[in-house]
Amino acid sequence: MRHIMNALDLSVEELDKLMALAKDMMAHPDKYAEICKGKKLATCFYEPSTRTRLSFEAAMLNLGGSVLGFSSADSSSAAKGESVADTIRVISSYADICAMRHPKEGAPLVASMHSSIPVINAGDGGHNHPTQTLTDLLTIKNLKGRLDHLKIGFCGDLKFGRTVHSLIGAMVRYPGIEFVLISPPELRIPDYLRKETLEEKNIPFQEVSDLDAVIGDLDILYMTRVQRERFFNEEDYIRLRDSFILDKAKMDLASKDMLVLHPLPRVNEIATEVDDDPRAVYFKQAEFGVYIRMALIVVLLELA
Ligand code: CP
């Protein structure tokens, strides 16, 4: 039995196989329509979600399985003080696999230690979001044609943005990757990521605060929302929330091949006028999320 806490739990070879399976599922959905018949997915979400929870559920339904779960801590017995460890012990007897989102970093890991079914981290605090990373990798691979030799700009809240932390960790395994980290000084990537993932591995990166100055050099621009729920005070959030707004004028400075990704939800950081630009692929990215989660469920249940 295997759990997924981090995208790095999968080797590059395993990721290649997973993406190939997701691609086959996209092309031949009928082939997989009953592969999870009789299996149940529990979605245990202690924090709000639209895409991750519903794409996990859509994934299991597409595979012929069933879903059960809760969508907030308040609607579960966590509100009465039940521990994650006790909850997962119980859910292990109700379902075959569990996707868990929790505001506390490491909570899905604790769950995995007390579980007798595979647990997938569906986002833990500001730490990791591995299935978003798998979604991002599938999006880049399918729409850019490669995962190597790319200059990737991350823009916005790089301190609290768990999708950024996960994707940087996953991309450094491919050759020729360079990062441009665009944020206000207060929202730069955490020190551990700069030291252990970038500096120790000699990955080229620059930290800047002017998007206009660098957008023309990028292959990928990964926009992020300023994570209001992780701020300690509202004043700081209000001061920083509109630090970057990608609009048509900025897109005019970018190359014709640059792709704009965003894990969503968006607030103000991408003007809606950008949505019709063919380089804006964030809604397509959300669609890819269903297929990579289908592939992950099938692999973890050892059905392929
Ligand atoms: N990208 C993402 O995690 O979206 P949700 O918070 O809506 O699940």
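You'll find the structure just up there.
Model, not experiment: these values are computed from the prediction. (Residues numbered from 1 in each chain as written. Predicted model: local features only at pLDDT ≥ 70, side-chain atom pairs only at ≥ 80, totals over all residues. Heavy atoms only, no water.)

Student: An account of the packing of helix H5 (residues 130–144) against helix H11 (residues 282–300) is needed here, citing residue identities and associated values.
Tutor: Where H5 meets H11, the closest approach of the two axes is 8 Å, and the angle between their N-to-C directions is 115°. The angle between H5 and H11 falls in the class roughly perpendicular. Seen along the crossing, H5 lies across H11 with a hand that is right-handed. Within the contact between the two elements, H5 uses Thr131, Gln132, Leu134, Thr135, Asp136, Leu138, Thr139, Asn142 and Leu143 and H11 uses Lys284, Gln285, Phe288, Gly289, Ile292, Arg293 and Leu296. Tallied by class, the residues present in the contact of H5 with H11 amount to 6 nonpolar, 7 polar and 3 charged. (Axes fitted to C-alpha atoms, helices over the stretch in contact; angles between N-to-C directions. Helix = DSSP H or I, 4+ residues; strand = E, 2+ residues; numbered from the N terminus. Parallel < 35°, antiparallel > 145°, perpendicular 65-115°, else oblique. Left-handed = near helix turned anticlockwise from the far one by under 90°. Contact = heavy atoms within 4.5 Å. Nonpolar A, V, L, I, M, F, W, Y, C, P; charged D, E, K, R; others polar.)

Student: Just give me the short version of the nonpolar core, but keep the residues and values in it.
Tutor: One recurring pattern in soluble globular proteins is that nonpolar side chains are buried together. If you look at the biggest cluster of nonpolar residues, it comprises 59 residues, and the most contacted ones within it are Phe154, Ile168, Met171, Phe179 and Ile297. When sequence neighbours within four positions are dropped, the list of residues in contact with phenylalanine 179 reads Ile152, Phe154, Ile168, Met171, Val172, Leu198, Ile203, Pro204, Phe205 and Gln206. In terms of nonpolar packing, the next biggest core, distinct from the first, is built from 21 residues, Leu246, Ala254, Met258 and Tyr282 among them. (Core = buried A, V, L, I, M, F, W, Y, C linked by side-chain atoms within 4.5 Å. Buried < 20%, exposed > 50% of the residue type's maximum accessible area, 1.4 Å probe, protein only.)

Student: Provide a residue-level description of the side chain of histidine 165, including the pertinent values.
Tutor: Assignment of secondary structure puts histidine 165 in helix H6 (residues 162–171). Within polar-contact distance, the side chain of histidine 165 engages the backbone oxygen of leucine 158 at 2.8 Å. (Polar contact = N/O pair within 3.5 Å; in protein donor to acceptor, adjacent residues only side chain to side chain.)

Student: Before we move on, can you summarise the packing of aromatic side chains with the specific residues and values?
Tutor: This structure, assessed with the given rule, holds 4 aromatic pairs. Linked through ring pairs, Phe154, Phe179 and Tyr222 together constitute an aromatic cluster. The positively charged end of lysine 284 is found above the aromatic ring belonging to phenylalanine 288, 5.4 Å away from the centroid. Above the face of the phenylalanine 56 ring, arginine 293 is positioned so that its terminal group lies 5.2 Å from the ring centre. (Phe/Tyr/Trp six-rings, centres within 6.5 Å; stacked < 30°, edge-to-face > 60°. Lys NZ or Arg CZ within 6 Å of the ring centre and 35° of its normal.)

Student: An account of the sheet that holds strand S5 (residues 151–155) is requested, with residue identities and associated values reported.
Tutor: Strands in a sheet are paired, the pairing made by backbone hydrogen bonds, and the direction either parallel or antiparallel. Ordered in space as S7-S6-S5-S8-S9, the 5 strands form an open sheet in which the pairing is parallel. If you trace the sheet from one side to the other, it starts and ends with strand S7 (205–208) and strand S9 (259–261), each paired once. Recorded for the sheet is a direction-independent mean angle of 15° between the axes of neighbouring strands. (Pairing = 2+ DSSP bridges.)

Student: I'd like a rundown of the site of the ligand, residues and numbers included.
Tutor: Inspection of the region around the ligand gives Ser49, Thr50, Arg51, Thr52, Arg101, His129, Gln132, Pro263 and Leu264 as its neighbouring residues. Between arginine 101 and the ligand, the recorded distance is 2.9 Å, taken from a side-chain N or O atom to an oxygen atom. Measuring from a nitrogen atom of the ligand, one finds a side-chain N or O atom of glutamine 132 at 3.0 Å. When isolated, the ligand has an accessible area of 260 Å², and the protein chains bury 91% of it. Residues of the shell around the ligand, tallied by class, amount to 2 nonpolar, 5 polar and 2 charged. (Near = heavy atom within 4 Å. Areas by Shrake-Rupley, 256 points an atom, 1.4 Å probe, with all protein chains shown as cover.)

Structural measurements only, silent on function.
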